[in-house]
Amino acid sequence: IKMTRLNCQNLAYRFFSSSVIFFSTVSQLSPLRIFAHILVGVIFTESINADTKLVALVLTPTGDLYLQWRDTTGGADGWTLLGNVQLPVYLKLERSGDTFTAYKSTDEIDWGAALGSHTVTMESSLETGVCVSSNNNNALNAALFSDITM
């Protein structure tokens, strides 16, 4: 797994071809940075460039779970609130063709129904990984991930 910065995010990522299922457990978020736009989660991107197309399943310190996307390179981000969760939580983002579907679990066994999905045309080979964002180049955010499966 490689590390890079993407849109004020620290991103641990790996290059994949075709459809993949990616999940991780988020068990701890920085308690000092509870304000809007602090995000951690799992992400698919076309590249590691800051303006790349992306789809991400992200969590805020208050437990709000969002599906976030950028449909065009250099375009605006879109997002939808999927609900509220408590830590620890497993996050799963599954790609099938150009559709990305979000799931959550408390035990890594029962994923339940899909929380939401988004369709965006992307290359067949993508970068995927875990992301941590403070959305501020002068501030830090921290999260504890485990059980990362790609």
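Worth saying up front: this structure is predicted, and the values here are computed from it rather than measured. (Residues numbered from 1 in each chain as written. Predicted model: local features only at pLDDT ≥ 70, side-chain atom pairs only at ≥ 80, totals over all residues. Heavy atoms only, no water.)

Brief notes about the environment of cysteine 131
Note that cysteine 131 resides in strand E11 (residues 125–133). According to the relative accessible area criterion, cysteine 131 is buried, its value standing at 2%. Sequence separation between cysteine 131 and valine 58 is 73 residues; the distance between their C-alpha atoms is 8.3 Å. (Helix = DSSP H or I, 4+ residues; strand = E, 2+ residues; numbered from the N terminus. Buried < 20%, exposed > 50% of the residue type's maximum accessible area, 1.4 Å probe, protein only.)

Observations regarding the packing of aromatic side chains
What characterises a pair of aromatic rings is the spacing of the ring centres plus the angle enclosed by the ring planes. Taken as a whole and judged by the stated rule, the model has two aromatic pairs. Here phenylalanine 44 and phenylalanine 100 contribute two aromatic rings whose centre-to-centre distance is 5.4 Å and whose plane-to-plane angle is 55°, an arrangement assigned as tilted. One end of the pair, phenylalanine 44, is in strand E4 (residues 39–45); the other, phenylalanine 100, is in strand E9 (residues 99–105), with 56 residues separating them in the sequence. The side chain of lysine 92 reaches across the aromatic face of tyrosine 103, ending 4.7 Å from its centre. (Phe/Tyr/Trp six-rings, centres within 6.5 Å; stacked < 30°, edge-to-face > 60°. Lys NZ or Arg CZ within 6 Å of the ring centre and 35° of its normal.)

Side note on the confidence of the model for the chain
Put simply, the chain has an average pLDDT of 75, and 63% of its residues get 70 or more. Across the chain, the secondary-structure element scoring lowest on mean pLDDT is strand E1 (residues 2–6), at 41, and the one scoring highest is strand E10 (residues 116–119), at 97. Confidence over residues 1–13 falls short of pLDDT 50; this stretch has 54 contacts with residues more than four positions distant or in other chains. Across residues 31–36, where pLDDT falls below 50, the model places seven contacts with residues more than four positions away in sequence or in other chains. (pLDDT = per-residue confidence, 0-100. Contact = heavy atoms within 4.5 Å.)

Remarks on the environment of tryptophan 69
Tracing the chain through its elements places tryptophan 69 in strand E6 (residues 64–70). Along the sequence, tryptophan 69 and lysine 53 sit 16 residues apart, while their C-alpha atoms lie 7.3 Å from each other. Residues contacting tryptophan 69, with those up to four places away along its chain left out, are Leu54, Val55, Ala76, Asp77, Gly78, Trp79, Thr80 and His118.

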